[in-house]
Every structure is written in C-alpha cells, then in structure tokens.
Amino acid sequence: MKGANVPDHPDLDRYPELAARWDRRNFIKSAAAGTALMALGGALLRLAADDLTKAARAEKRPDGRPRLPPGQRVLEALRPMGGQEGDGEAKNFRLKVHGAVKSPFEVDYEALLKLPQVEKTVDVHCVTGWSMLGGVWKGVQVAALAELAGVKSDARFVIFEAAHGFTSNVPLKEATADSALITYRLNGKPFSLDHGAPVRGLVPDLYFWKSAKWITGVKFVREDQPGYWETRGYNNHADPWKEERYA
C-alpha cells in the first residue's frame, strides 16, 4: 500500500493498450464530465463522477459526522491495494478465535456460515484517498464471535490475523461495533482473491488497511500490539475523520 495520490489518468507507459482509448473523443468528453477510466491491478475501474463526491461530502452520518471524511473521493468499486495473497479457497479456510477468552474455538467456512449472519450497508475509506460508499457486506459480527468465545473483562484490543503473518490492531470497542464483521460477500458476490477471498475483516469506521484481507484469526488481547502497517509508519488508530493516516 502506498500513500501516493491517485492519478487522474491511466499509466499509459505501463498500459500502452489504453492509449487509443484515452485519445478517443468520446473518452475525452467523458473525462471532461468528471469520469475517467484508470488501469488498476490489470483491470479497469471507473471513477465516480465528481458530483458523487460532492454529494457525499454534503451528507451526514447518523452520528453527525460528514459521510465522506476529509481528503477522500468516491470510487464506484473497491480498488485492489495489494498485499501477499492468502490461499483463497473456501475449503481451506480456518478462523481461529482466541487470546483473552474463556472458550477459544476455530471454525471452517461451512461452520462460519452456520453462525448468525448479518448484512450491513456501510462505506469504506482507504488511506490513499478513495472511498467506496453504500456497499452491502454480509458476514458474522465480531461481537458475536466475542460473545461465543467469552471475552475476558480485561481484554482491550482485537488483533486481526491474516495470511503470511499480517496483523492489524483495533481497539475492542471499534472491533466489536455493530458494523464490524468477518465478511465473505460484498453486494451479493464473493470476494475475488485480490480483495481477500474467501473471507476478510471489515472495520468500516477506520481506514481500510485495518480490515485485514485473507483473515485467519481474531485474537483478543489485553495490551495493544501494533500490526504490519502500524510498525511501518501508519497511524496506530486510523480514524478517517481525523485524517489519522500516518504516525
């Protein structure tokens, strides 16, 4: 993940096949209207029109904060942000719930789907400056896992564990919020591998790197344990409305 600004045009040196399309008159007209096509991870994603971003900035959340945090603009779809991919196969998925709990347990994909399921319509915000609004995410609330495991009263943080030793740390209150999930569907579709298939974390009120892809564990701990990006200069808390991007 990089902190660079998202470019306003395709990288034509890297993707020369886009040059003809970029030069076409109808594409230029589209760009003038505030819409562009960008080459991202080998696929084309369409940027939302500028008026979508402006409209989002004018909206309020139920808690009174602006819907769109400062420094963000709207994309129509998730942007693949890299990372060392996990296995991606549902048949191989295991989620370990452990740490400062009375009854640690592990579930496979089939068992995860037998737990109480919820759907939450939420926005997500990447530290690089893009937001995706109104996604419908399906999965199991982290709070439900906490209840099943019997989290101990002195637990204060949740460590989301993922493939290849990646971790992200989240305060217990935010990790067990109503919209915080272990999720396997977005808008009715399974995740692609680059978005964390088969299952990922979701903590929508923090910058999106906290929502660990290719998740393998949910660990409840007493003491904070800064994760992969936090130990590399990213903010330990990551509140988008405070622009807590970097330490």
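As a reminder, the structure under discussion sits directly above these lines.
Remember, predicted model here, so these are calculated numbers, not experimental data.

J.: What am I meant to see in the side chain of His195 here?
T.: Relative to the helices and strands, His195 resides in the loop between β11 (189-190) and β12 (200-202). If we skip the residues at most four places from it in the chain, His195 touches Leu78, Arg79, Pro80, Arg200 and Lys213.

J.: Can you help me understand helix α5 (residues 142-149) in this one?
T.: Helical periodicity: at 3.6 residues per turn, an α-helix aligns residues three or four positions apart in one direction. Taken as a whole, α5 has its buried residues at Val142, Ala144, Leu145, Ala146 and Ala149. Backbone geometry just after α5 places Gly150 at a positive phi near 70°.

J.: Quick question: what am I supposed to make of the environment of Val170 here?
T.: Secondary-structure assignment places Val170 in strand β9 (residues 167-171). Taking C-alpha positions, Val170 is 8.5 Å from Asn236, a pair spaced 66 residues apart along the chain. Contact partners of Val170, with chain neighbours within four places excluded, come to Phe157, Val158, Phe160, Ala175, Val203, Leu206 and Lys210.

J.: Even after reading the chapter, I still don't get the environment of Val97, so can you show me in this structure?
T.: Checked against the element boundaries, Val97 lands in strand β4 (residues 94-99). If sequence neighbours within four positions are ignored, Val97 has contacts with Pro104, Phe105, Leu145, Ala149, Val218 and Phe220.

J.: Help me understand the nonpolar core, please; the structure alone is not making it clear to me.
T.: Burial of nonpolar side chains together is a common tendency in soluble globular proteins. Counting 54 residues, the largest nonpolar core has Trp137, Phe160, Ile182 and Val218 as its most contacted members. If we skip the residues at most four places from it in the chain, Val218 touches Leu95, Lys96, Val97, His98, Val142, Leu145, Val158, Ile159, Phe160, Glu161 and Ile182.

J.: Quick question: what am I supposed to make of unusual backbone geometry here?
T.: A cis amide bond, omega 5°, links Ala197 with the succeeding residue Pro198. Turning to its location among the elements, Pro198 is positioned in the loop between β11 and β12. The phi angle at Asn187 is positive, at roughly 55°, despite the residue not being glycine. Topologically, Asn187 is positioned in the loop between β10 (181-186) and β11. Judged by its relative accessible area of 46%, Asn187 falls in the partly exposed class. With a phi angle near 50°, Glu243 is a residue other than glycine that sits in the positive phi range.

Thresholds applied
- Here the residue numbering is sequential within each chain, running from 1 through the sequence in written order.
- In keeping with the predicted nature of the model, local features appear solely for residues at pLDDT of at least 70, side-chain atom pairs appear and are counted solely at 80 or more, and the whole-chain, interface and lining totals rest on all residues.
- The basis for every side-chain value is the complete set of non-hydrogen atoms in the structure, without hydrogens or water.
- In this text, helices come from DSSP runs of H or I with a minimum length of four residues, and strands from runs of E with a minimum of two, each type numbered from the N-terminal end.
- Residues are treated as being in contact if the distance between any of their heavy atoms lies within 4.5 Å.
- In this scheme, a residue with accessible area under 20% of its type's maximum is buried, one over 50% is exposed, and one in between is partly exposed, where area comes from a 1.4 Å probe on protein chains only.
- The term nonpolar core refers to a set of buried residues drawn from Ala, Val, Leu, Ile, Met, Phe, Trp, Tyr and Cys, joined through side-chain atoms within 4.5 Å.

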